[in-house]
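Residues per chain, in single letters:
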Amino acid sequence: MLLRSSALLAALLALPAVASAAPPRLVGTYTMSGPELCQYLIGSNTGRGQVDLRMLEAVFAAGTVKISGASVGGSLFATAPDVGTRTKSGTIPYRITGTANPYTMTLGTAPDTRSYRLHLSQVDGSGIAHHAQTLETDTNSAGKTVCTRALTLHRH
Amino acid sequence: MTSKLATAAAVLLLTAGTAAAAPRFAGTYTMTDTEICQALGTKAVPTNKGMIGQGMGVMVASGANLTFTGTVQSAPMFDAGGNPFERSSFSETQTYRVTGTANPYTITLTKPNGRSATFRVRFDEVNAAGVAGYATLTGSFSNGTAAANCVTQMVFVSH
């Protein structure tokens, strides 16, 4: 009897812990903005010191995120001005894993995935994060991490 | 006489009231940081290769103490490919002091080794207790040269 009670108590205690371990969710529409900074690789054509500032909209729903908007940027060094605007649009699968900040957000479908370190905050009673921050690096064709990219997401 | 004293006291109170205390940090904030340092020297004789970096983490404010923990990734702005971005963690408690009467205020951060740096700070979403829900810090600093050669911007969002 004691063993049964202990097992029941343990199960009851474990339930809330499991429930609270679920990551906060991203739901609805978020403004997404932030800079990307890339190294200028001396003596190479693989990096020109790209600088990009992004202003996007991300709509999260049922395992997918629809991203649209534009980024403006150019090369850190160029023989002629090359600053311009690039539009972005697409819907991509995503999932959030982890038990505490920083979580991991994986975009895409294997094997073509990209992982972001994700910090979630301003979580409401429904478990929806109203503010999020990502930080990641990007690699060039040689596999070197030549860029750093941060994005801030704020829910409307 | 009593009336004059009461009037003087009222004036003092009114004066004290108009000199509003600067907003403050309290509790936990999501923190992001972007830093860019100039490359200096000439192409033939560079004295440094600059730096680009970004950070993300948490700032916990308790009294005059600000404890920063998180991750930063940085690399030389110019490189031959041998020094790509490195990621490292940071954890440090600094003290802060805010002066000024309106946005932008001046904030002085002092490290445990006594070194201090001063930045402009803008406090927004300030509640009735004077606690900022959103703050933006901007400024310049030196990473070893005589003059400032770096710029930084940090954003703090209250949990």
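Before reading on, note that the structure itself is shown above.
The text that follows walks through the structure, step by step, so that each part is easy to find. Note that the structure is a prediction, hence the values are computed from the model and not measured.

Scoring rules and cut-offs
Residues numbered from 1 in each chain as written. Chains lettered and ligands numbered in written order. Predicted model: local features only at pLDDT ≥ 70, side-chain atom pairs only at ≥ 80, totals over all residues. Heavy atoms only, no water. Salt bridge = Lys/Arg side-chain N within 4 Å of Asp/Glu carboxyl O. Helix = DSSP H or I, 4+ residues; strand = E, 2+ residues; numbered from the N terminus. Buried < 20%, exposed > 50% of the residue type's maximum accessible area, 1.4 Å probe, protein only. Disulfide = S-S within 2.5 Å. Pairing = 2+ DSSP bridges. Axes fitted to C-alpha atoms, helices over the stretch in contact; angles between N-to-C directions. Contact = heavy atoms within 4.5 Å. Buried area = accessible area lost by both parts, 1.4 Å probe. Polar contact = N/O pair within 3.5 Å; in protein donor to acceptor, adjacent residues only side chain to side chain. Nonpolar A, V, L, I, M, F, W, Y, C, P; charged D, E, K, R; others polar. 1 Å grid on protein atoms, 1.4 Å probe; cavity = no way out; pocket = protein on both sides within 12 Å on 5 of 7 lines; lining within 4 Å. Points joined across faces, edges and corners; volume = space filled by probe spheres on them.

1. Regarding the pattern of salt bridges
If charged atoms from side chains of opposite charge come close, those side chains can pair. Scanning all chains against the criterion turns up 8 salt bridges over all chains. Across the pair Asp138 of chain A and Arg114 of chain A runs a salt bridge, and its minimum N-O distance is 3.3 Å. Here Arg114 of chain A lies in strand β7 (residues 112-123) and Asp138 of chain A lies in strand β8 (residues 129-139), a separation of 24 residues in the sequence. Residue class for Arg114 of chain A comes out partly exposed when judged on its relative accessible area of 35%. Here Lys111 of chain B and Glu92 of chain B are joined by a salt bridge, their closest N and O atoms 3.2 Å apart. Highlighted residues: Lys111 of chain B in the loop between β8 (105-110) and β9 (116-126) and Glu92 of chain B in strand β7 (residues 86-99), separated in sequence by 19 residues. Owing to a relative accessible area of 37%, Lys111 of chain B belongs among the partly exposed residues under this scheme. On the basis of relative accessible area, Glu92 of chain B is assigned to the partly exposed category, the value being 28%.

2. Looking at the state of the cysteines
On inspection of all chains with the given rule, the structure shows 2 disulfides over all chains. Linked covalently through their sulfurs, Cys38 of chain A and Cys147 of chain A form a disulfide whose S-S length is 2.0 Å. Between Cys38 of chain A and Cys147 of chain A, the disulfide has an S-S torsion of 110 degrees and is therefore right-handed. Linking Cys38 of chain A in strand β1 (residues 28-38) with Cys147 of chain A in strand β9 (residues 145-155), this pair joins segments that are 109 residues apart in sequence. Judged on exposure class, the residue Cys38 of chain A and its partner Cys147 of chain A are both buried. Disulfide partner of Cys37 of chain B: Cys150 of chain B, at an S-S distance of 2.0 Å. Between Cys37 of chain B and Cys150 of chain B, the disulfide has an S-S torsion of 105 degrees and is therefore right-handed. With a gap of 113 residues between them, Cys37 of chain B in strand β1 (residues 27-37) and Cys150 of chain B in strand β11 (residues 150-158) connect regions that are remote in the sequence. Relative accessible area serves as the criterion here: at 2%, Cys150 of chain B is assigned to the buried category.

3. As for the sheet that holds strand β4 (residues 64-75) of chain A
Residue and element names in this part refer to chain A. Strand order in this closed barrel of 8 strands is β1-β3-β4-β5-β6-β7-β8-β9, and the pairing throughout is antiparallel. In this sheet, adjacent strand axes meet at a mean angle of 30 degrees when their direction is disregarded. Alignment of β1 against strand β3 (residues 50-61), held across 10 bridges, turns out to be antiparallel. What sits directly across from Leu37, in β3, is Val51.

4. So, the interface of chain A and chain B
Across the boundary between the two partners, chain A contributes 28 residues, which contact 27 residues of chain B. When chain A packs against chain B, the two sides together hide about 2,400 Å² of surface, and 65% of this comes from carbon and sulfur. Seen at the junction of chain A and chain B, the total is 0 salt bridges. Linking chain A with chain B are 16 residue pairs in polar contact (both at pLDDT 80 or more). When its residues are assigned to classes, the side of chain A that touches chain B shows 14 nonpolar, 10 polar and 4 charged. Of the pairings in the sheet, the one linking strand β2 (residues 40-41) of chain A to strand β6 (residues 78-79) of chain B comprises 2 bridges and is parallel in character. In the sheet register, Tyr40 of chain A faces β6 of chain B, and the bridge partner there is Phe78 of chain B.

5. Considerations on empty space enclosed by the protein
Evaluation of the coordinates by the stated rule reveals 1 cavity of 30 Å³ or more. By volume, the largest cavity amounts to about 30 Å³. Around the largest cavity sit His131, Gln133 and Thr152 of chain A together with Thr30, Met31, Thr32, Val155 and Val157 of chain B, which together line it. Put simply, the parts of the chain that give the lining of the largest cavity at least two residues each are β8 of chain A together with β1 and β11 of chain B. With 3 residues, β1 of chain B is the largest single contributor of residues to the lining of the largest cavity. In terms of residue class, the lining of the largest cavity is made up of 3 nonpolar, 5 polar and no charged.

6. Thoughts on the sheet that holds β11 of chain B
Residue and element names in this part refer to chain B. With antiparallel pairing, the 8 strands of this closed barrel are ordered in space as β1-β4-β5-β7-β8-β9-β10-β11. For this sheet, the mean inter-axis angle between neighbouring strands, taken without regard to orientation, is 30 degrees. Where β9 meets strand β10 (residues 132-141), 6 bridges bridge the pair, whose relative direction is antiparallel. Within the sheet, the bridge partner assigned to Val121 lies in β10 and is Leu137.

7. Some thoughts on the side chain of His119 of chain A
One can find His119 of chain A in strand β7. Of note is the side chain of His119 of chain A, whose polar atom sits 3.4 Å from the side chain of Asn101 of chain A. With residues near it in sequence (within four places) discarded, His119 of chain A still touches Asn101, His131, Ala132 and Gln133 of chain A together with Thr30, Met56, Gly57, Val58 and His159 of chain B.

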